[in-house]
Each structure stands twice: as structure tokens, then as C-alpha cells.
There are 2 protein chains.
Amino acid sequence: MANTSKFNRGDVLRKASDLFWGKGFAGTSIRDIQDTVNMRPGSIYATFGSKEGLFKESLLNYAGAMERKMDAYIGNAHNPIVGLQQYVEYNIIEGATCHPSGVCMLFKASGEFNGQNPALFQFSQTLLDGFENKVTQIFADAKQAGFVAEDFDEANAGQQFVIQFTGLRNYFNGRNTPELAKQLIDKMFVNLVNETH
Amino acid sequence: MANTSKFNRGDVLRKASDLFWGKGFAGTSIRDIQDTVNMRPGSIYATFGSKEGLFKESLLNYAGAMERKMDAYIGNAHNPIVGLQQYVEYNIIEGATCHPSGVCMLFKASGEFNGQNPALFQFSQTLLDGFENKVTQIFADAKQAGFVAEDFDEANAGQQFVIQFTGLRNYFNGRNTPELAKQLIDKMFVNLVNETH
DNA sequence: AGACCTTTTGAACGATTGCTCAATAATAAA
DNA sequence: TTTATTATTGAGCAATCGTTCAAAAGGTCT
């Protein structure tokens, strides 16, 4: 062995992720990152290879944090679908005050790279698909546990969840109307549990 | 009088708008614009003042074109709500092949500028509000003409329209599954016309 | 034609971009 | 302590960024 790294990779990725999430890929400069993660360019490039490499890892880190947060809400709820709703409320209502952007970073990346950077577009699409699959699995588990009707369609529900969640996040981005948001999220879940074959 | 302008302002704005729509504000350089609109920097700055000024006019031009397209679909349909649905299908299905981005430029701008550029964020939010108001008015007219029930809530429907439209556009951005898109748009409108007080 | 005014041109500005690399520092094993 | 190996530093590269401006060109009037 030799010299050991001074930086915690997870901390660096969290900070870089927040920067990219708020300002976008093109809107974030390596110097922005240098300043907030307190690393010199040589160190950044030795660790992540390129701005694109750092972005890919940041996006991966974001998706992972997203899923862990969702798991936490579901784990604390007796009904996984109620946990899912609380997770949505957290993102749209509380998240508005403490997140770098109201819009999902995965969709923001997908929108920024589509037609611009096929590799990064593909990468973000794959993570989005993974998210939809995860939600679908949660709905499948909820069905198995008897929280929804037997003719409930978890695939449709997963699809609708992603669409509604995206629509609502965009709509309430920059808007500060938590009571209206709460009301529309309620409506979203009333419709969701009625997704049948 | 003196020398007259060689460029058609509308053409220039259309091309600049498409560039910004596809690549975003930060991702588009003035040199990109120089090349596609065939103007020298001095001319661009004499006409539009700055990159931000050009973007604002481009966004305004985009919103105007959006509304004209919507009016055209509604004007050609016997039922304005059917026209609205055809407009949505055009954007999500046909538009996927001929538009610079599957995502609405207004939301893309709103997402890019939130927390970054308050003036441009406000500007995009105002245009989004205008779009929702226009859709709400269309629903109100449809109600007046008897195309929906008397307890139909046009404000709720306008709100839901914007949310669903955004969610679907994002979901089908880069996805090439027109039959699934058609199916989900149908479902969206079935739910929309049942928006009541 | 000539005078007058506006538009267009394009070289060039300082700032910033993503990124490199030789030098230096820091650690673990011998 | 020495040696081997790895991490960090930061000045600085070439390219590109948004923007400016004096000069040239183009059009309308008398």
C-alpha cells in the first residue's frame, strides 16, 4: 500500500450530485465542484476520470439514495402503499424546501441528454426503468399481502405511478402550495389502487 | 429610413427556439446560434440584446406556437376536448420524431432555471400559468357547449391536464411505443372528462 | 448622385471551460 | 529509516464562452 485517500467518496458524490441536480450537467462546471467538494482538479480526474464519469456516478448515487429513502418510508409503514404515498409527499412537499431541485434528477438528466448525448441518455433511461420496476415490485408485494384487490394490475400501477409522480413534481416545482399538493397526491393514490386488468 | 433587416425575426426565433429546446439554455452557445440562424454575433446582439434576451423571446415564440397549434387542432374538431386529445397525441406520438425534444420547453426551462436564474424561472412559470389558463378556458367553453356534464370542474380539469400531459411527455421521451402512448392518453381523457366538483 | 441613417460584419476581448501533468506529500511495507 | 507506491496539488494548457465595436455595406430619402 501507499498513501490513502483523504476524501470520502460517498460524501463527494453526494455533494456533486446535489450540484448537478440543481444546475444540470451543462450548467455545472468542474470549478463549481472543486469548490464544494474541496478537491483539486487533478484529484477529481484521478478519481472519476472525466466530468461525464463524475456525472454518471452522481446519478447512480442519486438513484440509490432515492431507493433507500423509499425503502425507509415503506419499512416504517404498515401498508407499503401508504409508505409510498408518504414518500411522494416527502418529495413534493418537504423536499421543495431542502432539495436542490423539485424535479427528479433522473428526468432532468434524461431531458437534458436526449438527442445530445446518447450514452448518458441511455444511462439515465436505464435508471428510470429500474425505478419503475422497483415500484412495480412494491405494488406486487402489496397485492400478495392483500392490501389491494386480486385483480389489481401492478404493472399498470407502476407505470401510472411514474407518470403521475413526474407530472406532480414538475407542477409543484417552484410552487409553494402544500395543501393543494397534498390533495392532488391523495387523488393520485385513490386512482392508483384502482388500477385493474 | 435606412438599411433594412435581412433576417426574418420569426424564422430566426423559430430556429433559436428549436436549438434551446433541444440543448437547453446552458447547453446552447451563441456560436451554435450563429451557425444555425446565419447571423454574425454583432447582429444577434443588436437585435436581441443578450443570450438571455434571445432565450426569453425564443420561449415566448415557443409558447405562442404551442397555443396556435392547439387552437388549430381544436378548430378542426367538432368537440374541443377531442381536439385537445388530438393535440396531446400529436405532441407525444408524432412530435417524438420531428421535435428537438419530447419534453415541453416551458418545463425544461422551468427546471433548468429554478434556483439558478430567478428572472428566467419566473418568466417560464408565467408562461406555464398562461397555458393552464388557456386549457381551463377551453374546458369552460366545452362545458358551456354541453360537451361535458354540468357539474364538470374546468379548473380541476385544466390543472389535471397540465400534470398528466407533463407526466406523459416525460415518460414517453425517448421511448418509441406509440400504441402504449395512445392507450394512456385515452385513459387520461376518460379521467379528465369526469373531473367534477 | 450624394447625404443620411441603419444594419451587418467579423476580428478580437477577457473570462471561463474541461482537463493535464510534473512536482510534492503521505502512507505502508521492508 | 529507507524504499516503493499511491494520492494530492495547483499552475497552466488549448479551446470555447458571452460579448463588444469600429469598419463596411445597404437601403431610403432629397
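Bear in mind that the values here come from a model prediction, so they are computed numbers and not experimental data. Counting of residues starts from 1 at the beginning of each chain's written sequence and follows it residue by residue. Chains and ligands are labelled sequentially in the order written, the chains with letters from A and the ligands with numbers from 1. Selection of residues for local features in this predicted model requires a pLDDT of at least 70, selection of side-chain atom pairs for listing and counting requires 80 or more, and totals for whole chains, interfaces and linings are taken over all residues. Derived side-chain values reflect all non-hydrogen atoms in the structure, with water molecules and hydrogen atoms excluded from consideration.

Draft legend 1. Here's a closer look at the overall build of chain A. Along the backbone of chain A there are nine helices and zero strands. Only DSSP runs of H or I reaching four residues or more are called helices, and only runs of E reaching two or more are called strands; each is numbered from the N terminus. Helices (α) and strands (β) of chain A occur, in sequence order from the N terminus, as α-α-α-α-α-α-α-α-α. Taken along the three principal axes of its C-alpha coordinates, chain A extends 60 × 40 × 35 Å. Counting every position in chain A, which comprises 197 residues, the buried fraction comes to 52%. Should any heavy atoms of two residues lie within 4.5 Å, those residues are counted as being in contact. A fraction of 69% describes how many contacts in chain A between residues 6 or more apart in sequence connect residues 24 or more apart. The Shrake-Rupley method, run with a 1.4 Å probe sphere, supplies the accessible areas, and residue values consider only the shown protein chains as cover. On chain A, roughly 9200 Å² of surface is accessible, and the fraction owed to carbon and sulfur atoms is 50%. Distance from the positive charge centre (18 side chains) to the negative charge centre (21 side chains) of chain A: 11 Å. Each residue is assigned to one of three classes by its accessible area relative to the maximum for its type, calculated with a 1.4 Å probe on protein chains only: buried under 20%, partly exposed between the two thresholds, exposed over 50%. By the counting rule applied here, Lys and Arg register as positive and Asp and Glu as negative, while His and the ends of each chain are not counted. Charge positions come from single atoms, namely NZ of Lys, CZ of Arg, CG of Asp or CD of Glu.

Draft legend 2. Region of interest: the layout of surface pockets. Quantified by volume, the largest pocket comes out at close to 460 Å³. Of the two site types, the cavity is a set of points on a 1 Å grid over the protein atoms alone where a 1.4 Å probe fits but cannot get out, and the pocket is an open set with protein on both sides within 12 Å along at least five of seven lines, each lined by residues with an atom within 4 Å of a point. Taken together, 24 residues form the lining of the largest pocket, with Gln164 and Asn191 of chain A together with Gln160, Gln164 and Asn191 of chain B sitting closest to its centre. Of all the elements in the fold, those that place two or more residues in the lining of the largest pocket are helix H8 (154–171) and helix H9 (178–192) of chain A together with helix H8 (154–171) and helix H9 (178–192) of chain B. Grid points are joined across faces, edges and corners, and a volume is the space filled by probe spheres set on the points.

Draft legend 3. Inspection of the packing of aromatic side chains at higher detail. Residues and elements named next belong to chain A. Ring geometry is summarised as follows: Phe, Tyr and Trp rings, the Trp one being its six-membered ring, pair when their centres sit within 6.5 Å, and such pairs are stacked at plane angles under 30 degrees, edge-to-face over 60 and tilted between the two. Taken as a whole and assessed by the stated rule, the structure comprises 30 aromatic pairs over all chains. Here the aromatic rings of Phe25 and Phe113 are separated by 5.4 Å at their centres, their planes lie at 65°, and the arrangement is edge-to-face. On the criterion of sequence distance, the pair formed by Phe25 in the loop between helix H1 (9–23) and helix H2 (30–37) and Phe113 in helix H6 (residues 105–113) is long-range, its members being 88 residues apart. Residue class for Phe25 comes out buried when judged on its relative accessible area of 13%.

Draft legend 4. Focus on unusual backbone geometry. All names here are of chain A. A positive phi angle, close to 55°, is found at Asn38, a residue other than glycine. By the secondary structure assignment, Asn38 is in the loop between H2 and helix H3 (41–48). For Asn38, a relative accessible area of 47% translates into the label partly exposed.

Draft legend 5. Focus on the packing of helix H5 (residues 80–98) of chain A against helix H7 (residues 118–144) of chain A. All names here are of chain A. Across the interface, H5 lies against H7 with an axial gap of 9 Å and an inter-helix angle of 145°. Facing Pro80, Ile81, Leu84 and Tyr87 of H5, the residues of H7 in contact are Phe131, Val135, Ile138, Phe139 and Ala142. Residue classes in the contact of H5 with H7 are distributed as nine nonpolar, no polar and no charged. Axis definition: a line fitted to C-alpha atoms, over the contacting stretch in the case of helices. Angles run 0 to 180 degrees between N-to-C directions. Classification used: nonpolar for Ala, Val, Leu, Ile, Met, Phe, Trp, Tyr, Cys and Pro, charged for Asp, Glu, Lys and Arg, polar for all others including Gly.

Draft legend 6. Seen up close, the side chain of Lys108 of chain B. Mapped onto the elements of the fold, Lys108 of chain B is located in helix H6 (residues 105–113). One side-chain nitrogen of Lys or Arg within 4 Å of one carboxyl oxygen of Asp or Glu is enough to make a salt bridge. Buried and unpaired, Lys108 of chain B has Glu112 of chain B as its nearest opposite-charge partner, separated by 7.1 Å. The definition of a polar contact used here is a pair of N or O atoms within 3.5 Å, where within protein one atom must be able to donate a hydrogen and the other to accept one, and adjacent residues in sequence count solely through side-chain atom pairs. Only 3.0 Å separates the side chain of Lys108 of chain B from the backbone oxygen of Gly22 of chain B, close enough to count as a polar contact. Residues contacting Lys108 of chain B, with those up to four places away along its chain left out, are Gly111 and Glu112 of chain A together with Trp21, Gly22, Lys23, Ser101 and Val103 of chain B.

Draft legend 7. Spatial organisation of the relation of the copies chain B and chain A. Superposing the copies works by least squares over the C-alpha atoms of residues that have pLDDT at least 70 in both of them. Between chain B and chain A, the superposition needs a rotation of 180° and an axial shift of 0.0 Å, giving an RMSD of 0.0 Å. Both copies are brought into coincidence by an operation consistent with a two-fold rotation axis. Minimal C-alpha separation from the rotation axis in chain B is found for Gly167 of chain B, amounting to 2.0 Å. An overlap of 100% is found between the interface residues of chain B and their copies at the interface of chain A, pointing to a shared contact surface.

Draft legend 8. Broad picture of the side chain of Ser110 of chain A. Tracing the backbone shows Ser110 of chain A in helix H6. Residue Ser110 of chain A is classed as buried on the basis of its relative accessible area, which comes to 1%. Separated by 3.1 Å, the side chains of Ser110 of chain A and Gln125 of chain A make a polar contact. The contacts of Ser110 of chain A, once residues within four sequence positions are left out, are Phe121, Ser124, Gln125 and Leu128 of chain A together with Asn173 of chain B.

Draft legend 9. Representation of the protein's contact with DNA strand D within the structure. Near is defined per residue: the residue qualifies when any heavy atom it owns lies within 4 Å of the molecule or strand. Near DNA strand D, the surroundings consist of 24 residues, among which Ala2 and Lys6 of chain A together with Ile30, Tyr45 and Lys51 of chain B are the closest. Considering the 4 Å shell around the protein, atoms of DNA strand D inside it are sugar or phosphate in 59% of instances. Contact distances for DNA strand D include 2.5 Å between a phosphate oxygen and a side-chain N or O atom of Tyr45 of chain B. Within the residue set of the surface near DNA strand D, elements represented by two or more residues are H3 of chain A together with helix H2 (30–37) and helix H3 (41–48) of chain B. A breakdown of the residues in the surface near DNA strand D according to their chemical character gives eight nonpolar, 11 polar and five charged.

Draft legend 10. Focus on the interface of chain B and chain A. Taken together, the 34 residues of chain B in the interface contact 34 residues of chain A. Two parts placed together each lose some accessible area; with a 1.4 Å probe, that loss summed over both constitutes the buried area. Across the interface of chain B and chain A, roughly 2800 Å² is buried in total on both sides, 45% from carbon and sulfur atoms. Area buried by chain B at its contact with chain A is led by Ile163, Tyr171 and Asn173 of chain B, which between them contribute 19% of it. One can count six salt bridges joining chain B with chain A. A salt bridge links Asp129 of chain A to Arg175 of chain B; its shortest N-O distance comes to 3.1 Å.

Draft legend 11. Up close: the protein's contact with DNA strand C. Residues in contact with DNA strand C amount to 23 residues; listed here are only the nearest, Ile30, Tyr45 and Lys51 of chain A together with Ala2 and Lys6 of chain B. Close to the protein, within 4 Å, the atoms of DNA strand C are drawn from sugar and phosphate at a rate of 62%. Between Gly42 of chain B and DNA strand C, the recorded distance is 3.0 Å, taken from a backbone N or O atom to a base oxygen. At the level of secondary structure, the elements contributing two or more residues to the surface near DNA strand C comprise H2 and H3 of chain A together with H3 of chain B. Tallied by class, residues from the surface near DNA strand C come to eight nonpolar, 10 polar and five charged.

Draft legend 12. How the structure looks around the environment of Phe121 of chain B. If you trace the backbone, Phe121 of chain B turns up in helix H7 (residues 118–144). Measuring from C-alpha to C-alpha, the distance between Phe121 of chain B and Thr47 of chain B comes to 23 Å, with 74 residues separating the pair along the chain. Sequence-distant contacts of Phe121 of chain B, that is, excluding residues within four places in its chain, are made with Asn173 and Gly174 of chain A together with Ser110, Phe113 and Asn114 of chain B.

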